[in-house]
Amino acid sequence: SKDADSEDDNEDEEEEEEEEEHELDCSNELAMAIADLHPDNDEQKRILFQTLIKMLENILQHPEESKYRTIKMENAAFKKRVGNVPGGGEVMLAIGFIPHTVDDQDVWIMPEDHMPYLEEHRDVLVALEDKIPAAPAPSQPPPAPSMDGMGMGFNPVMMQQMMGSPGMGRLGVDPAVMQELMNDPQVAQMMQNPQWMQRMNQFMQDPQMIQEMHQLMQNPQWIQQMMGGGTGGTGGS
């Protein structure tokens, strides 16, 4: 009986050693496949890893459902995220999928005997995804000068553009008010900017904008805010 028990123990140890060797082989194969990946950029690599992780998690969560273990090679989403990425097919092989044909369709199938290793593969992919640098935030273009609301809160920068324009006479502005605004150093400085002056000239060609500005210039409260606030933000009612 002792001999029988010893033989059983030896068999168990051999099975454990074989499993460890298989796991090591799988890990090495996956590491080599990932090293041979050649995505266009980090974002493409991130999407590839996320797709593979989701595929493995679906299988782990639904081990009895064969549909999760079958991936159509011609599936548009799969091709874009994995299949068309250089090296993507090798990674599919490394995580256990095998190419097959079902009903005249090329598919990837996850065999049941590879199921015990899926958690390890998923964890490796999750760790690799975490190491991908975060995508840089898109740069925001500077806001263009614009009317605020319905015109009662005129952009002060636009106001500064208009101070020296010959077309200001078309607005019916009190010369004394205009002169006081012109004496503001910040307004005078803005008038030396050719870019602003060019935009102001374009503004003066717009009849609707001229009409709105004319209405503003007839509003004593708005004029007072402009003169008292300098180049700060304006509101109005």
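From a predicted model like this one, the values you see are computed outputs, not experimental measurements.

About the criteria used
Per chain, residue numbering runs from 1 following the sequence as it is written. Reporting of local features is limited, given that this is a predicted model, to residues whose pLDDT is at least 70; pairs of side-chain atoms are given and counted only at 80 or more, and all residues count toward the totals for whole chains, interfaces and linings. The basis for the side-chain values is all heavy atoms of the structure; hydrogens and waters are excluded. Secondary structure elements follow DSSP: runs of H or I of four or more residues count as helices, runs of E of two or more count as strands, with numbering from the N terminus. Burial here depends on accessible area, computed with a 1.4 Å probe over protein chains only, as a share of the maximum for the residue type. Under 20% is buried, over 50% is exposed, and the range in between is partly exposed. Pairs of residues are marked as contacts when any of their non-hydrogen atoms sit within 4.5 Å. Surface exposure here means Shrake-Rupley accessible area, sampled with a 1.4 Å probe, where a residue is shielded only by the protein chains that are shown. Every residue gets a pLDDT, meaning the predictor's confidence in that residue, from 0 to 100. Being paired, for any two strands, means DSSP has found at least two bridges between them. A fitted line through C-alpha atoms serves as each axis, taken over the contacting stretch for helices, and the angle formed by two N-to-C directions is quoted from 0 to 180°. Working convention for charge: Lys and Arg count positive, Asp and Glu count negative, and His plus the chain ends are omitted. Each reported salt bridge corresponds to a side-chain nitrogen of Lys or Arg within 4 Å of a carboxyl oxygen of Asp or Glu. One fewer than the residue count of a helix, multiplied by 1.5 Å, yields its expected span. Definition of a polar contact: a pair of N or O atoms within 3.5 Å, with one able to donate and the other able to accept a hydrogen when the atoms are protein atoms, and with sequence-neighbouring residues admitted only if both atoms are side-chain atoms. Residues grouped as a nonpolar core are buried Ala, Val, Leu, Ile, Met, Phe, Trp, Tyr and Cys residues, joined through side-chain atoms within 4.5 Å.

### Structural notes on the overall build of the protein chain
Per the secondary structure count, the protein chain includes 11 helices and 3 strands. Along the protein chain, from the amino end to the carboxyl end, the secondary structure elements read α-α-β-α-α-β-β-α-α-α-α-α-α-α. The buried share of the protein chain, reckoned over its 237 residues, is 33%. Long-range pairs, those at least 24 residues apart, make up 69% of the contacts in the protein chain with a sequence separation of at least 6. Total accessible area on the protein chain stands at roughly 15,000 Å², and carbon and sulfur atoms take up 49% of it.

### Some words on the confidence of the model for the protein chain
Put simply, the protein chain has an average pLDDT of 74, and 51% of its residues get 70 or more. In this model, residues 163–167 is a region of pLDDT below 50 whose contacts with residues beyond four sequence positions or in other chains number 12 contacts. Throughout residues 230–237 the model reports pLDDT below 50, and contacts reaching past four residues in sequence, or to other chains, amount to 18 contacts.

### Topic: unusual backbone geometry
Outside of glycine, negative phi angles account for most residues, and trans bonds account for most peptide bonds. Positioned with a positive phi, Asp 103 is a non-glycine residue whose angle comes to about 50°. Along the chain, Asp 103 turns up in the loop between strand S2 (98–102) and strand S3 (105–109). On the basis of relative accessible area, Asp 103 is assigned to the exposed category, the value being 71%. In this structure, Asp 104 takes a positive phi of about 65° despite not being glycine. The topology assignment puts Asp 104 in the loop between S2 and S3. A residue is classified by how much of its surface remains accessible, and Asp 104, at 77% relative accessible area, is exposed.

### As for the sheet that holds strand S1 (residues 70–72)
The sheet built from 3 strands is open, its strands ordered S1-S3-S2 with antiparallel pairing. Strand pairing shows two members of the sheet lacking a second neighbour, S1 and S2, which therefore form its edges. Averaged over all pairs of adjacent strands, the angle between their axes in this sheet comes to 40°, without regard to strand direction.

### Describing the side chain of Glu 129
You can see Glu 129 is positioned in helix H5 (residues 118–131). Although buried, Glu 129 forms no salt bridge, and the nearest oppositely charged side chain, Arg 46, lies 5.5 Å from it. Other than its neighbours up to four places away in sequence, Glu 129 contacts Arg 46, Phe 49, Gln 50 and Ile 53.

### Let's talk about the pattern of salt bridges
A complete count under the given rule lists 4 salt bridges for this structure. Arg 46 serves as the salt-bridge partner of Glu 43, at 3.1 Å between the closest nitrogen and oxygen. Here Arg 46 and Glu 43 lie together in helix H2 (residues 42–61), a separation of 3 residues that amounts to about one turn. With a shortest N-O distance of 3.2 Å, Arg 122 and Asp 123 are connected by a salt bridge. Judged by relative accessible area, Asp 123 falls into the partly exposed class, the value being 42%.

### Section: the pairing of S3
When S1 meets S3, the two strands line up antiparallel, connected through 3 bridges. By the bridge assignment for S3, Lys 72 is matched with Val 107. Bridging between S2 and S3 involves 5 bridges; their strand directions are antiparallel. Pairing of Pro 99 across the sheet is with Trp 108, part of S3.

### Regarding H2
An ideal rise of 1.5 Å per residue puts 28 Å on 20 residues; H2 measures up with 28 Å between its terminal C-alpha atoms. Among the residues making up H2, those that are buried are Arg 46, Leu 48, Phe 49, Thr 51, Leu 52, Ile 53, Met 55, Leu 56, Asn 58 and Ile 59. Here H2 starts with a cap whose side-chain oxygen sits 3.2 Å from the backbone nitrogen of Glu 43, and that cap is Asn 41.

### Regarding the environment of Pro 111
Examined against the element boundaries, Pro 111 turns out to sit in the loop between S3 and H5. Expressed as a C-alpha distance, the spacing of Pro 111 and Ile 98, which sit 13 residues apart in the sequence, is 7.6 Å. Filtering out sequence-adjacent residues up to four positions away, Pro 111 remains in contact with Gly 96 and Ile 98.

### Notes on the nonpolar core
Grouped together as the largest cluster of nonpolar side chains are 26 residues, with contacts concentrated most on Leu 52, Val 91, Met 92, Ile 95, Phe 97 and Leu 125. Listed by contribution, the elements that provide at least two residues to this core are helix H1 (2–35), H2, helix H3 (76–83), helix H4 (88–94) and H5. A per-element tally of this core places H2 first, with 7 residues. Not counting residues within four places of it along the chain, the set of residues in contact with Met 92 comprises Leu 52, Met 55, Phe 78, Val 82, Phe 97 and Trp 108.

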